[in-house]
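# Descriptive analysis of the structure
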Amino acid sequence: MKRQLKIALIIAAIAIAAASLVVSHYLVRDLENEERARMEIWAEAMHTLNTADENADLNLVLKVLEQNHNIPVIVTDDNGEVQISRNIDLSSITKGSDSIATLKKMAANMEVQKRVIKVQIGENDFLKVCYDDSLLLTRLEYYPYIQLAVVMLFIIIAIFALLTSKRAEQNKVWVGLSKETAHQLGTPISSLMAWTEILRENYPDDELIPEMDKDVKRLQLIADRFSKIGSAPEIQDVELGELLEHVVEYMNRRTSQKVEITYSTPEIKVQVNPQLFEWVFENLCKNAVDAMEGKGSIHISAHADEHLTIIDVADTGKGITSPNLQDVFNPGYTTKKRGWGLGLSLAKRIVEEYHNGKIYVLNSEKGKGTTFRIELHFSRKTKKNRKHLQIDDNTI
């Protein structure tokens with residue numbers, strides 16, 4: 001719906017711009033015809049002046065000739081020699097240049113543009129009245145384009161300001177929601193930690209208590225992640241393979257056995273916040289599992305040079321249709337019946353805003369799968385390490 005509205009607004013803007021240009025075109029054409037008519041009258045006055053006898057009253061003719069204050073005119077004879085000129089600015093001509101040669105060249109250009117009126121002054125003699133657009137007409141020709149440029153600049157600035165304001169507001173919502181979530185989780189997590197310690201003291205041999213302790217620590221990690229949203233995270237040199245191990249260990253207990261995760265990566269140290277970046281991979285893996293409907297494979301591969309680490313997360317899911325490729329990272333976008341559509345949006349924020357990296361859909365084919373790519377700067381590569389992992393059967 002939002003995309004359709006944007007397209008409609010763009011079409012409306014184009015239509016308004018086109019209508020403005022069409023109206024301006026007709027105005028310019030009408031003014032050109034009016035100036036042509038005025039020059040025909042002026043040329044007729046020149047004819048009268050050159051063919052009048054000594055008894056003719058030339059007051060009206062001279063008045064007509066003198067009233068042209070804005071249309072540039074150059075009058076030449078049938079050999080192209082300049083006779084007179086009017087409303088021609090010669091101040092721009094370089095000192096020492098031949099002004100007559102310049103006027104002849106200008107007259108020739110006017111004639112090429114068919115802005116010339118021939119005046120018969122004898123049986124075999126004639127004058128050519130060459131004219132150009134007036135300053136008003138020239139300005140009117142360019143004014144619509146200048147106006148549109150100014151309007152477009154204003155619209156771009158307004159859109160940028162609105163998007164910046166909207167983004168700032170979204171950031172406040174994200175930060176506020178994250179901080180409040182971390183705060184609300186803090187108290188029950190503290191209580192659970194205390195109860196776990198009491199249970200461990202009373203039942204030291206119980207096998208379930210260590211598992212409960214792992215889940216409590218997991219909750220503490222989640223609260224810690226939320227608390228980091230909105231503040232500058234602590235960046236560390238982290239082994240990418242170890243980070244992926246932690247992610248797989250967590251997914252190992254929560255995903256169907258029919259889902260297989262593999263990764264192929266050199267020993268790369270990346271500069272990230274490990275808690276937040278594990279969250280990125282978890283969201284990508286969960287999104288892939290949902291796309292595969294609990295059956296398929298996920299492969300994570302990575303390579304690096306002195307300046308860039310590239311990590312690809314590929315799945316064998318149902319793929320993403322082309323119209324939705326631009327929306328997958330938007331908050332609220334989801335294809336599931338249940339879900340908030342925040343996982344990929346959160347992953348994008350963590351990668352791009354907190355780690356100055358880049359995440360995008362590298363490719364996606366319907367029915368075959370999707371590959372997400374993460375690009376990180378300032379990484380180092382050493383020797384290659386390859387591992388193969390499989391996870392067992394629990395549902396997210």
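This section reports on the structure supplied with the text. Worth saying up front: this structure is predicted, and the values here are computed from it rather than measured.

Quick notes on the rules
- Residues numbered from 1 in each chain as written.
- Predicted model: local features only at pLDDT ≥ 70, side-chain atom pairs only at ≥ 80, totals over all residues.
- Heavy atoms only, no water.
- Patch = residues over 30% accessible without salt bridge, like charges linked within 9 Å, V, L, I, M, F, W, Y side chains within 5 Å.
- Areas by Shrake-Rupley, 256 points an atom, 1.4 Å probe, with all protein chains shown as cover.
- Salt bridge = Lys/Arg side-chain N within 4 Å of Asp/Glu carboxyl O.
- Helix = DSSP H or I, 4+ residues; strand = E, 2+ residues; numbered from the N terminus.
- Phe/Tyr/Trp six-rings, centres within 6.5 Å; stacked < 30°, edge-to-face > 60°.
- Buried < 20%, exposed > 50% of the residue type's maximum accessible area, 1.4 Å probe, protein only.
- Lys NZ or Arg CZ within 6 Å of the ring centre and 35° of its normal.

## Considerations on a nonpolar patch on the surface
A contiguous nonpolar patch, built from Val151, Met152, Phe154, Ile155, Ile156, Ile159 and Leu163 and spanning about 670 Å² of accessible area, is present on the exposed surface. Its place among the elements puts Ile156 in helix α4 (residues 135-202).

## As for the packing of aromatic side chains
Centre distance and the angle of the planes are the two values used to describe a pair of aromatic rings. Taken as a whole, this structure holds two aromatic pairs when the rule is applied. Relative to Phe281, the ring of Phe277 lies with its centre 5.6 Å away and its plane at 70°, an arrangement referred to as edge-to-face. Taken together, the residues Phe277 and Phe281, both in helix α7 (residues 274-292) and four residues apart, mark about one turn of the helix. Taken as a pair, Phe277 and Phe281 share a single burial class, namely buried. Note on Phe329 and Phe372: the rings are 6.0 Å apart at their centroids and 85° apart in plane angle, and the pair reads as edge-to-face. Here the residue Phe329 occupies a position in the loop between β8 (308-315) and α8 (343-353), and Phe372 occupies one in strand β10 (residues 369-377), the gap between them amounting to 43 residues. Like Phe329, the residue Phe372 is buried in the burial classification. Its end group placed over the ring of Phe329, Lys348 keeps NZ or CZ at 5.0 Å from the ring centre.

## Quick notes on the pattern of salt bridges
Tallied over the entire structure, the rule returns 14 salt bridges. With its nearest N and O atoms 2.7 Å apart, the salt bridge here joins Arg373 to Asp312. Of the two residues, Arg373 is situated in strand β10 and Asp312 in strand β8; the sequence distance between them amounts to 61 residues. Owing to a relative accessible area of 17%, Arg373 belongs among the buried residues under this scheme.

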